[in-house]
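The primary structure of each chain is shown beneath.
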Amino acid sequence: NAGVTQTPKFQVLKTGQSMTLQCAQDMNHNSMYWYRQDPGMGLRLIYYSASEGTTDKGEVPNGYNVSRLNKREFSLRLESAAPSQTSVYFCASSSQGQVDNEQFFGPGTRLTVL
Amino acid sequence: GQSLEQPSEVTAVEGAIVQINCTYQTSGFYGLSWYQQHDGGAPTFLSYNALDGLEETGRFSSFLSRSDSYGYLLLQELQMKDSASYFCAVNSGYSTLTFGKGTMLLVSP
């Protein structure tokens with residue numbers, strides 16, 4: 001039982017390049033999330049998918065797109081990377097309807113945009 | 001909008017008790033959660049309060065006052081391994097959480 005996995009762990013991009021961050025969970029969770037974490041800024045929600053087939057914007061969606069490929073996988077795409085997108089990206093999942101909405105996080109992807 | 005306030009840093013010694021406060025302003029409120037993060041790794045869930053009062057889980061307790069829009073995390077019998085960042089987060093519906101900026105706890109011998 002791997003929980004939430006993310007690939008890659010590290011990535012360096014040049015401004016204008018594109019890339020897709022991958023996330024998968026094996027806990028049969030309905031809901032999945034993408035956050036970014038910057039120093040002193042806590043975790044900010046980029047996009048989420050409350051259930052398979054749906055996606056919604058979070059607090060900071062500009063410059064990103066997402067795809068809920070199936071129940072297990074939720075990817076985040078940067079079409080044209082900018083230095084402001086240098087951050088640590090965390091994927092998370094939770095069981096829809098659970099009262100405490102406990103979210104399980106992956107290990108993160110550390111992205112640097114030059 | 002939503003905003004959460006928590007101290008940026010707290011220091012304490014091993015064996016002591018420390019309290020990390022969190023105040024929030026949100027347009028909707030279902031509950032307050034606490035997460036722990038070591039050295040920039042994956043955040044992990046600690047506790048959740050939906051109703052007023054104290055929830056205890058081992059050495060950690062969490063308190064909520066909905067009327068005061070206030071909560072705190074209480075850590076007892078501090079250990080070196082408790083050195084980490086602690087985040088409060090509001091569940092305001094739609095399965096999403098809004099996180100505070102985090103409190104870095106430094107435990108010294």
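Definitions and cut-offs
Residues numbered from 1 in each chain as written. Chains lettered and ligands numbered in written order. Predicted model: local features only at pLDDT ≥ 70, side-chain atom pairs only at ≥ 80, totals over all residues. Heavy atoms only, no water. Helix = DSSP H or I, 4+ residues; strand = E, 2+ residues; numbered from the N terminus. Rg over C-alpha atoms; globule rule 2.2 N^0.38 Å. Buried < 20%, exposed > 50% of the residue type's maximum accessible area, 1.4 Å probe, protein only. Contact = heavy atoms within 4.5 Å. Areas by Shrake-Rupley, 256 points an atom, 1.4 Å probe, with all protein chains shown as cover. Lys, Arg positive; Asp, Glu negative; His and termini not counted. Charge placed at Lys NZ, Arg CZ, Asp CG, Glu CD. Disulfide = S-S within 2.5 Å. Salt bridge = Lys/Arg side-chain N within 4 Å of Asp/Glu carboxyl O. Pairing = 2+ DSSP bridges. Axes fitted to C-alpha atoms, helices over the stretch in contact; angles between N-to-C directions. Polar contact = N/O pair within 3.5 Å; in protein donor to acceptor, adjacent residues only side chain to side chain.

(A) Quick peek at the overall build of chain B. Within chain B, the regular secondary structure consists of zero helices and eleven strands. Taken from N to C terminus, the helices and strands of chain B fall in the order β-β-β-β-β-β-β-β-β-β-β. At 13 Å, chain B has a C-alpha radius of gyration in line with the 13 Å of a compact globule built from 109 residues. Within chain B, buried positions represent 50% of all 109 residues. Taking as baseline every contact in chain B between residues at least 6 positions apart, the subset at least 24 positions apart corresponds to 56%. A total accessible area of about 5200 Å² is found for chain B, and carbon and sulfur atoms account for 49% of it. In chain B, the 4 positive side-chain charges and the 10 negative ones have mean positions that sit 5 Å from each other.

(B) A look at the state of the cysteines. Within the structure shown, the criterion is met by two disulfides over all chains. Two residues, A:C23 and A:C91, share a disulfide whose sulfurs are 1.8 Å apart. On the sign convention where negative means left-handed, the S-S torsion of about -70° between A:C23 and A:C91 marks this disulfide as left-handed. Of this pair, A:C23 sits in strand β3 (residues 19-25) while A:C91 sits in strand β9 (residues 87-94), and the two are 68 residues apart along the sequence. Here A:C23 matches A:C91 in class, with each residue buried. Note that B:C22 is cross-linked by a disulfide to B:C88, the S-S spacing being 2.1 Å. The disulfide joining B:C22 to B:C88 has a torsion of about 75° about its S-S bond and is therefore right-handed. Of this pair, B:C22 sits in strand β3 (residues 18-25) while B:C88 is found in strand β9 (residues 84-91), placing the two residues 66 residues apart along the sequence.

(C) Geometry of the pattern of salt bridges. Residue and element names in this part refer to chain A. All told, the structure shown has four salt bridges over all chains when counted by the stated rule. A salt bridge links R36 to D38, with the shortest nitrogen-to-oxygen separation between them at 3.0 Å. Judged on exposure class, the residue R36 and its partner D38 are both buried. When the shortest N-O distance is used, the salt bridge between E79 and R77 registers 3.1 Å. By sharing partners, the salt bridges in this structure join R36, D38 and R44 into a single network.

(D) How the structure looks around the environment of A:Q98. By secondary structure assignment, the location of A:Q98 is in the loop between β9 and β10 (104-105). It is 21 Å that separates the C-alpha atoms of A:Q98 and A:A2, two residues lying 96 residues apart in sequence.

(E) Here's a closer look at the pairing of β9(A). Residue and element names in this part refer to chain A. In terms of burial, β9 is largely enclosed, as eight of its eight residues are buried. Of the two faces of β9, the one holding S87, Y89, C91 and S93 and the one holding V88, F90, A92 and S94 are both buried throughout. Sheet analysis places strand β4 (residues 31-37) next to β9, joined by seven bridges and oriented antiparallel. Each bridged residue has a counterpart across the sheet, and for R36 the counterpart in β9 is Y89. One ladder, built from three bridges, connects β9 with strand β11 (residues 109-113); its direction is antiparallel. Pairing of S87 across the sheet is with L111, part of β11.

(F) Inspection of the sheet that holds strand β6 (residues 53-57) of chain B at higher detail. Residue and element names in this part refer to chain B. Taken together, the five strands give an open sheet; going across it, the order is β1-β3-β8-β7-β6, and neighbouring strands pair in antiparallel fashion. Edge positions in the sheet fall to β1 (3-5) and β6, since each of these pairs with one other strand and no more. For this sheet the average axis-to-axis angle between neighbouring strands, irrespective of direction, equals 20°. Strand direction decides the pairing type here: strand β7 (residues 60-65) and strand β8 (residues 70-75), joined by six bridges, are antiparallel. Across the sheet, residue S62 finds its bridge partner in β8, namely L73.

(G) Local environment of the side chain of A:R36. Residue and element names in this part refer to chain A. One can find R36 in strand β4. Judged by its relative accessible area of 8%, R36 is buried. Within the structure, the side chain of R36 is placed 3.0 Å from the side chain of D38, a separation counted as a polar contact. At 2.8 Å, the side chain of R36 forms a polar contact with the backbone oxygen of S84. With residues near it in sequence (within four places) discarded, R36 still touches G42, L43, R44, I46, V60, Y64, S84, Q85, T86, S87, V88 and Y89.

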